[in-house]
Every structure is written in structure tokens, then in C-alpha cells.
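Summary of structural features
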Amino acid sequence: MAVHKFQSEVNQLLHLIIHSLYSHKEVFLRELISNSSDALDKLKFLTLTDENFKNIPFTFRIDIEFTEDDPKTLTVSDTGIGMNEEELIQNLGTIASSGTRSFLEKISGDMKKDASLIGQFGVGFYSAFMVADKIEVITRKAGEDKAFKWTSDGKGEYDIEPAEMDKCGTMVILHLNDEGKEYASRWQIESVIKKYSNHIPFPIYLHYEEITDKGDEKKEKREKKVDQINSASALWKKPKNELKEKDYIEFYKTISHDYDEPFHYVHTHAEGALQYTTLFYFPKKAPFDLYRVDYKPGVKLYVKRVFITDDDKELLPTYLRFVRGVIDSEDLPLNVSREILQKNRVMVNIRSASIKKILSEIGKLSTDKEKYKEFYNEFRRPIKEGLYEDFENRDTIIELIMFKSTKEDDYVTLAEYKQRMQPEQKLIYYITGEKEENLRNSPLLEVYKKKDIEVLIMDDEIDELIIPTVGKYKDIEFKSVNRADAAKELETEKDKEKKKELSPLVKKMKKILKDEVKDVIVSSRLSDSPSCVVADEKDPTIQFQHLMKAMGQDNMSDIKPILEINPEHEIIKKLIEINDDAAIEDVSRLLLEQAILIEGVKLKNVGEFVKRLNRVMEKAI
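Residues numbered from 1 in each chain as written. Predicted model: local features only at pLDDT ≥ 70, side-chain atom pairs only at ≥ 80, totals over all residues. Heavy atoms only, no water.

1. Brief notes about the sheet that holds strand β17 (residues 427–432)
Taken in spatial order, the six strands line up as β16-β15-β18-β17-β20-β19 in an open sheet, and their pairing is mixed. The open sheet is flanked by β16 (408–413) and β19 (472–473), the only strands paired with a single partner. Relative to β16, strand β15 (residues 402–405) runs antiparallel, the two sharing four bridges. When the sheet's bridge partners are listed, Met402 is paired in β16 with Thr413. Of the strands in this sheet, β15 and β16 are in contact with helix α10 (residues 369–389), which crosses β16 at around 70°. Seen against the sheet, helix α15 (residues 463–470) touches β15, β17, β18 (455–458), β19 and β20 (476–480) and runs at an angle of roughly 160° to β17. (Pairing = 2+ DSSP bridges. Helix = DSSP H or I, 4+ residues; strand = E, 2+ residues; numbered from the N terminus. Contact = heavy atoms within 4.5 Å. Axes fitted to C-alpha atoms, helices over the stretch in contact; angles between N-to-C directions.)

2. Comments concerning the packing of aromatic side chains
Under the defined criterion, the tally for this structure stands at 22 aromatic pairs. Look at Trp236 and Phe251: their rings are 5.8 Å apart centre to centre, the planes differ by 45°, and that puts the pair in the tilted class. With Trp236 in the loop between β9 (222–228) and α7 (245–256) and Phe251 in helix α7, the pair connects residues that are 15 residues apart, well separated along the chain. On the accessibility criterion, Phe251 (3% relative accessible area) is buried. Members of the aromatic cluster, joined through ring pairs, are Phe263, Phe282, Phe322, Tyr372, Phe375, Tyr376, Phe379 and Tyr411. One cation-aromatic arrangement involves Lys44 over Phe60; the distance from NZ or CZ to the ring centre is 5.9 Å. Taking the ring centre of Tyr295 as reference, the NZ or CZ of Arg321 above it sits at 5.9 Å. (Phe/Tyr/Trp six-rings, centres within 6.5 Å; stacked < 30°, edge-to-face > 60°. Buried < 20%, exposed > 50% of the residue type's maximum accessible area, 1.4 Å probe, protein only. Lys NZ or Arg CZ within 6 Å of the ring centre and 35° of its normal.)

3. Examining the environment of Lys499
Within the secondary structure, Lys499 sits in helix α16 (residues 493–501). A residue is classified by how much of its surface remains accessible, and Lys499, at 35% relative accessible area, is partly exposed. Spatially, the C-alpha atom of Lys499 lies 8.1 Å from that of Pro567, the residues being 68 residues apart in sequence. The residues contacting Lys499, other than those within four sequence positions of it, are Glu491 and Val522.

4. Focus: the packing of helix α20 (residues 581–598) against helix α21 (residues 606–620)
The N-to-C vectors of α20 and α21 enclose an angle of 125°; their axes lie 10 Å apart at closest approach. Judged on the interaxial angle alone, α21 and α20 are oblique. Crossing angle aside, the handedness with which α20 passes α21 is left-handed. Across from Ala583, Asp586, Val587, Arg589, Leu590, Glu593 and Leu597 in α20, the residues of α21 making contact are Phe609, Arg612, Leu613, Arg615, Val616 and Lys619. Here the residues of the contact of α20 with α21 are counted per class, giving seven nonpolar, no polar and six charged. (Parallel < 35°, antiparallel > 145°, perpendicular 65-115°, else oblique. Left-handed = near helix turned anticlockwise from the far one by under 90°. Nonpolar A, V, L, I, M, F, W, Y, C, P; charged D, E, K, R; others polar.)

5. Comments concerning unusual backbone geometry
Following Asp70, the chain continues into Pro71 via a peptide bond in cis, with omega recorded as -5°. Of note, Pro71 is situated in the loop between β2 (62–67) and β3 (73–78). The backbone phi angle of Ala232 is positive, close to 55°, even though this residue is not glycine. Examined against the element boundaries, Ala232 turns out to sit in the loop between β9 and α7.

6. A word on the confidence of the model for the chain
Mean pLDDT for the chain: 86, with 87% of residues reaching 70 or above. Here residues 96–100 is modelled with pLDDT under 50, and outside its nearest four sequence neighbours on either side it reaches 11 contacts, counting other chains as well. (pLDDT = per-residue confidence, 0-100.)

7. Re the pairing of strand β4 (residues 132–140)
Judged by how many residues are buried, β4 sits mostly within the fold: seven of nine residues are covered. Alignment of β4 against strand β7 (residues 169–176), held across eight bridges, turns out to be antiparallel. From the neighbouring strand, Ile138 faces β7, where its bridge partner is Met171. Two elements, β4 and strand β5 (residues 147–152), share six bridges in a ladder whose sense is antiparallel. Each residue of the ladder has a partner; that of Ile138, found in β5, is Lys149.

8. So, the side chain of Thr432
Here Thr432 is to be found in strand β17. The exposure class assigned to Thr432 is buried, which follows from its relative accessible area of 2%.

9. Let's talk about the environment of Asn177
Relative to the helices and strands, Asn177 is located in the loop between β7 and α6 (186–196). Note: C-alpha distance between Asn177 and Thr73 (104 residues apart in sequence) is 9.0 Å. Those residues in contact with Asn177 that sit more than four places away from it in its chain are Phe129, Met130, Val131, Ala132 and Asp133.

10. With respect to α21
The terminal C-alpha atoms of α21, which comprises 15 residues, lie 21 Å apart, in line with the 21 Å expected from a rise of 1.5 Å per residue. The opening residue of α21 is Asn605, an N-cap whose side-chain oxygen sits 3.3 Å from the backbone nitrogen of Gly607. (Expected span 1.5 Å × (residues − 1). Polar contact = N/O pair within 3.5 Å; in protein donor to acceptor, adjacent residues only side chain to side chain.)

11. Some thoughts on α15
By the burial criterion, the buried members of α15 are Asp463, Glu464, Ile466, Ile467 and Val470. Just past α15, the residue Gly471 takes up positive phi, approximately 80°.

12. Some thoughts on the sheet that holds strand β6 (residues 157–163)
Here nine strands make up an open sheet; going across it, the order is β1-β6-β5-β4-β7-β3-β2-β8-β9 and the pairing mixed. Either end of the sheet is taken by a strand with one partner, and the two such strands are β1 (2–5) and β9. Across this sheet, the average inter-strand angle for adjacent strands is 20°, counted without regard to direction. Across six bridges, β5 lies against β6 in antiparallel orientation. Counted as the bridge partner of Trp150 is Ile160 from β6. In the packing of helix α2 (residues 27–49) onto the sheet, the strands contacted are β2, β3, β7 and β8 (204–211), and the crossing angle to β3 comes to about 20°.

13. Some points on the side chain of Asp63
Topologically, Asp63 is positioned in strand β2. Overall, Asp63 belongs to the buried group, its relative accessible area being 10%.

Have a look at this one:
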């Protein structure tokens, strides 16, 4: 017998699962059956596509047995692909290797929320420790002769030893604790399976004893029975008029491991040149790995109801990675490989039609703005990614995008913005930055507020990337107010005269700030603030530079901003009149530093800033 220690953090994780999910402990059975279904899917695929597995004799089934007498046990068995010793260590000794820490961080103490995380993080098997004080797993991998037994009480270690098993598959034996004894019951098991696993596409058989003669206890007869307790049919292949909402909801929970109901779903049967079925779901909440490079795709591919893969990121584009569901084709070959999938004309057409259908459904959701806001708050960033990722559907996607604006606290669509544009307005103005509050109070907006021109507020980091790539909406160009030339079309003759008057001061300030700024110019956009910083027309903004550095582009050199000064502000007027070079330098630098702070950017030398501020305050008092 080989004794192994669990991966680090397992004890903490098991403790959290057992105690945090206590009120929803029935989910353990859903997770075990889901694992069995996956194992059967994998073996079924191999028997149809791999010569080495075609002669393996077996039937596809899941069996559940229990003992009512003490000690009570519950056993879930399948005839699936099974595991060898190495896979036992990998699958049962390591908990969600890429997501364990994330799971621990997400555990909140809210039992309903925590229950929804359990399957998403690949820790479903361990939920069985909520109801068992010991678990045994006996398994034999298809195509191999050796079987193994894994045993653990969930307290830090597990044992693996040789075992006997006459066929491939996996048997999970739960030694039920006091909290789990209720599941050694025919009616309890049947209730949980009908609730969570009725649509598993393999038959689930329940073994039980039925009393046939209820007379004298000493003479009562017990007859062993085996009943199939699930429908075992591919739900997505059924006609929509035969399905109820609860059928769709429970199937979603089975494939997504989500405790919540889906936000929305769409079921399509396509017949014609191509025959295929799709069933897509939008979750209520963003999956935990939505912004991870190693995110797990949420769509399973079937061919004629035979499972092919659930790990192909090419089935849908990256920006739709939050979608869960099934694609089932009648036209693809069963032995289709991942490489062939990417080039196969049938799959390309199904993928294209699926994208259009999903975007169409999101468009329908957007007609109810209050409901759409719930969805948009969760998934606006990946949808925005579609603007630069999916050129073919860009015109559709751009209608789904919403932003905050200076005219409203709520979201506005680009169509709504266009409808409200001033008669003489020729551009769609927007401002980018880190925080909505900072942007709403930015001095860059002063001239637009004064002229009653609406400006879109873009506080998602991704906005800096997508809007320049889009360029236009309905032939109307986007214009960033963060740039030096943004207010040029709003400039008056009076503004041009002011530039001439301030040229001596501008010259002095340029000399003082030559190492910090690209230029100093007289602003035509400021009314209340003394200064602001903007980017040159072709330079990245300060926010964009910070975004690139956050993404690991540390070698990106700092690009100097342009400082704009307000000719009508009292500070600037007084600065023209004084002859104290030291004071002019201090005020010039403070004008730059306060403008940088308003942008939400940290100063490089806070100590020098404080010294300058103190010197100016001393003279002012």
C-alpha cells in the first residue's frame, strides 16, 4: 500500500467544502454522477473511433447501490474509461491544480454562492466528504489489466493499492457519516437524481430491496430490484414543445455545475444543407476563470449524440467563452480531430451560424434595458473584445455595447448617443480612464459640458484598445477628449487671440518642464480648472501606457504628455504678471502635477511635490 499526501491546501479546501456547503450537501450525488457520465462519454468516443477500443465488451450504464443497515454505505459505479494509478494521483490527489487558490479566495460563506462554485473549480468529487467519513475508489482503465483502490478520510492523506476488477470502469464507495445517512434511502436517492441528473444521457440504475410480504416481520420477504430512474435521453435532441422550463434549467445545472438557474437559453434545430442542434445558455454570473488564459470552454461537441470534446476553444470565439451548452452535428465524422475541426467546412458553418444566433439572442435581451443591464454588467468586457476579434459581426456587436455618459448616470447605447447629438456635432466624443467618478469630474469635459455636448465615459481598461480599432459608428468618427486635438473644432477666434497673449508664459513653462512634457499649449477646452494633461494625437494616453505595463510590457518607455493651461483662470493670469522665476517654476510644476493626479496617475516624486506645495502655501498666507 502506497501512502500519499494531498496537494498543499487540500485540508483547508476540504474543511471549507464540508462546512460551507453543509445545507446543500445533496449536490455531492450530482457531481459523482456527472463524473461517471464524463467517463462513459470518453469511452464511448474511443470505441467508435479507435481500433484499440472497438472490441472492448461493455454496456454504458451507471449503477447506484446502498446499504440501509449500519454501517451505511452508498456506491456509485460506472462502466466508463476508468483510471490507472498515475491518473488516480493526478485526478484525486490534486484538487483543481490551476484553480485551487482561486476557489479558496472565492469561498464567501454564502452557502448558495459557494455551492455554485464547487463544480466550476473541479472539486466536485470532494463534495462527497460532506456526507462520508471515508471514501474508497476502485477503478480499472479501459485497455489495461491492472485495477487500483484509492482510499481516504479526507484528512491529509490517501492510500493507493492494487485491487481486483473484472472490467473497466470506476466504483466510488462512500462510508456515510451521521449527516449522510439519509442518503442510504431509495426515495432520497431517486429524488436527488430526478432533480439534478434526469437528463444524463446514460441509464442510471438504482439497486434496492423491496418488501413483498409485510405480514410477520420474521416471515417478510425482500426482493432485490433494479430500476432505471432517469430518462437517459439527449435533452437537446427532443422537440422544444416536449420540454418544460424546468427541464432546461436542470440540464444547465448538470453541464455547467452551476447552482444558479441560467440567465437565458436558446435551443435551435437546424435542418437543410446542414443538420445540427444547438442548446446555448448564458449564466447569471461570470465564470471564475472568465479572464484567465487557461479558461475552460463551456460548450460540448457531439456528433450524432456521441460526445467528441468539451475542451476545444475553437467551437466558439474567445469573446463568447462565457456561453455554456451543446453543439450536436449530424454531418461531422465521428473520428474528427481538433486540427480537422478548425478547418472543416461543416464545423466552420455551424460555428458561424451559432455566433450569429447567440448575438441575435443578446440583441433580443437588449430590448429590455433593465434586464439587459444585469447581463451586461457581468459580460460587457468579453462582448467588447468581439469588436476587435470578430470583424465579420462587428456591426452587430457594436449595437450591443453600452457606456456611461455625461448626460446620464445609467448606460447609453451608441444609437441613443447618435440620436441626441447636437445639430452641428460631427464626432462621438469619449473619455477614457480608470474610475467613473474621476472621469465625470475631469477638467477635460468642461468645454463639452458648457456646450451641452454629450461625452461617453469609458472606464473599462479594454475601452482604450477597442475604440481606436472600431474608429466609427454609422460613419461618425469617435474622438477621444484625452487628446490634444480633440477640442480643435470647438476653438473660437477669441481662443486664438489668447494663445498669442500667453506665448511668453508658454515659452517659460516649456523651458521649465522640458523634461516632463512634450509641449505646453493654451487650452480652448478648460473653463474652471487651471490645467489638464492630454496625449498627442498619435501617442498612447497615460491610461493606455499603464495598461500596457500591467500586461507585462515593462519595456515600454514613458511617453510625455502635453500640458494645457487655462488662459481665463486666475492662477494663469497672476502667473503672467509675476517676475519671480522660482515661483513660476513651482507653480508650473504644480499645474502639471495636479493635472496628472486628476488623471488618477501616481506622481513619480511625491516628496518634491509636497515641498513645492508648502513653498507656494507659505507665500499665499
